[in-house]
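This is what each chain is made of:
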Amino acid sequence: MRKSIHDGRLSESVTRKGSRYLINPELADAEWKANTRPTCRPTEASHRPTLSSVKRLTHAEGVAAKVSLQAHLLELEVLEREGQLLDADKVRRQVELSFRELRDRILNVPVRVASLVAAETDPRRVEELMRQGLEDALETFAEGAA
């Protein structure tokens, strides 16, 4: 619709009021018909394949397609057995579990360093204790992930 307005195809039927457009539907229909080439208008028939437009395979082509598909599936199976192909759902679950573990380790840092930080009066030492707690959590996580 906006492209038609910017192209000037709907100039009389559309007025702009602020950021909104006011449209006269009857006039817009007339302008659309007058200013839009028929080749630009998609028709329902052009979007649906018909039986005559679908290529029919010969028996030999069908057998060849089946053999090709079977070979491809076999190749995928071999790659999976060799560990080069992974199940996406299993990977997603494992990544989710890993990030939960990392989150838990990081959220436990304040619990582990709270008493040490409470006793400190030097801001640099507080920062050092907090940084060390985070580094320990991240290193422990990395060792477990390796």
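All values derive from a computational prediction rather than experimental measurement.

**Here we look at the environment of Ile 5**
Following the sequence through the fold, Ile 5 ends up in helix 1 (residues 2-7). The exposure class assigned to Ile 5 is buried, which follows from its relative accessible area of 18%. Residues Ile 5 and Tyr 21 lie 16 residues apart in sequence; the distance between their C-alpha atoms is 9.9 Å. Ignoring sequence-local partners within four residues, the contact set of Ile 5 consists of Leu 10, Val 14 and Tyr 21.

**Focus: the pairing of strand 2 (residues 20-23)**
A regular strand carries its side chains on alternate faces of the sheet. Examined bridge by bridge, strand 1 (residues 14-17) and strand 2 share 4 bridges and lie antiparallel to one another. Looking across to strand 2, one finds that Arg 16 is bridged to Tyr 21.

**Description of helix 4 (residues 59-81)**
In a regular helix each residue adds 1.5 Å, so 23 residues correspond to 33 Å; helix 4 covers 33 Å between its end C-alpha atoms and thus fits that length. Just beyond helix 4, the residue with positive phi is Gly 83, at close to 85 degrees.

**Quick word on the environment of Glu 26**
Among the structural elements, Glu 26 can be located in helix 2 (residues 25-35). As for Glu 26 and Ser 13, which are separated by 13 residues in sequence, their C-alpha atoms are 8.1 Å apart.

**What to know about the packing of helix 6 (residues 109-118) against helix 7 (residues 123-145)**
In the contact formed by helix 6 and helix 7, the axes pass within 10 Å of each other and the chain directions differ by 155 degrees. As far as their axial angle goes, helix 7 and helix 6 are roughly antiparallel. The crossing of helix 6 and helix 7 is right-handed. Two secondary-structure elements touch here, helix 6 through Val 109, Arg 112, Val 113, Leu 116 and Val 117 and helix 7 through Val 126, Leu 129, Met 130, Gly 133, Leu 134, Asp 136 and Ala 137. A class-by-class count of the residues in the contact of helix 6 with helix 7 yields 9 nonpolar, 1 polar and 2 charged.

**So, helix 5 (residues 88-107)**
Given 3.6 residues to a turn, an α-helix orients residues that are three or four positions apart in the same direction. In this model, helix 5 (20 residues) spans 28 Å end to end at C-alpha, consistent with the 28 Å of a helix rising 1.5 Å per residue. Where helix 5 begins, the side chain of Asp 87 points an oxygen toward the backbone nitrogen of Asp 89, at a separation of 3.1 Å.

**Topic: the nonpolar core**
General note: in soluble globular proteins, nonpolar side chains tend to be found buried as a group. In this structure, Val 109, Val 113, Val 117, Val 126, Leu 129 and Ala 137 together form the largest nonpolar core, which totals 6 residues. Aside from chain neighbours lying at most four places away, what touches Val 113 is Leu 129 and Gly 133.

**Describing the pattern of salt bridges**
Summed over all chains, the structure comprises 8 salt bridges. One salt bridge connects Glu 77 with Arg 81, and the closest N-O pair in it is separated by 2.7 Å. Residue Glu 77 and its partner Arg 81 are both found in helix 4; the two are separated by 4 residues, about one turn of the helix. According to the relative accessible area criterion, Glu 77 is partly exposed, its value standing at 35%. The exposure class assigned to Arg 81 is exposed, which follows from its relative accessible area of 69%. Of the charged contacts in the structure, one is a salt bridge between Arg 125 and Glu 120, with a shortest N-O distance of 3.8 Å. A relative accessible area of 29% places Glu 120 in the partly exposed class. Several salt bridges converge on common partners, so that one network encompasses Glu 120, Arg 125 and Glu 128.

Cut-off values and rules
Residues numbered from 1 in each chain as written. Predicted model: local features only at pLDDT ≥ 70, side-chain atom pairs only at ≥ 80, totals over all residues. Heavy atoms only, no water. Helix = DSSP H or I, 4+ residues; strand = E, 2+ residues; numbered from the N terminus. Buried < 20%, exposed > 50% of the residue type's maximum accessible area, 1.4 Å probe, protein only. Contact = heavy atoms within 4.5 Å. Pairing = 2+ DSSP bridges. Expected span 1.5 Å × (residues − 1). Axes fitted to C-alpha atoms, helices over the stretch in contact; angles between N-to-C directions. Parallel < 35°, antiparallel > 145°, perpendicular 65-115°, else oblique. Left-handed = near helix turned anticlockwise from the far one by under 90°. Nonpolar A, V, L, I, M, F, W, Y, C, P; charged D, E, K, R; others polar. Polar contact = N/O pair within 3.5 Å; in protein donor to acceptor, adjacent residues only side chain to side chain. Core = buried A, V, L, I, M, F, W, Y, C linked by side-chain atoms within 4.5 Å. Salt bridge = Lys/Arg side-chain N within 4 Å of Asp/Glu carboxyl O.

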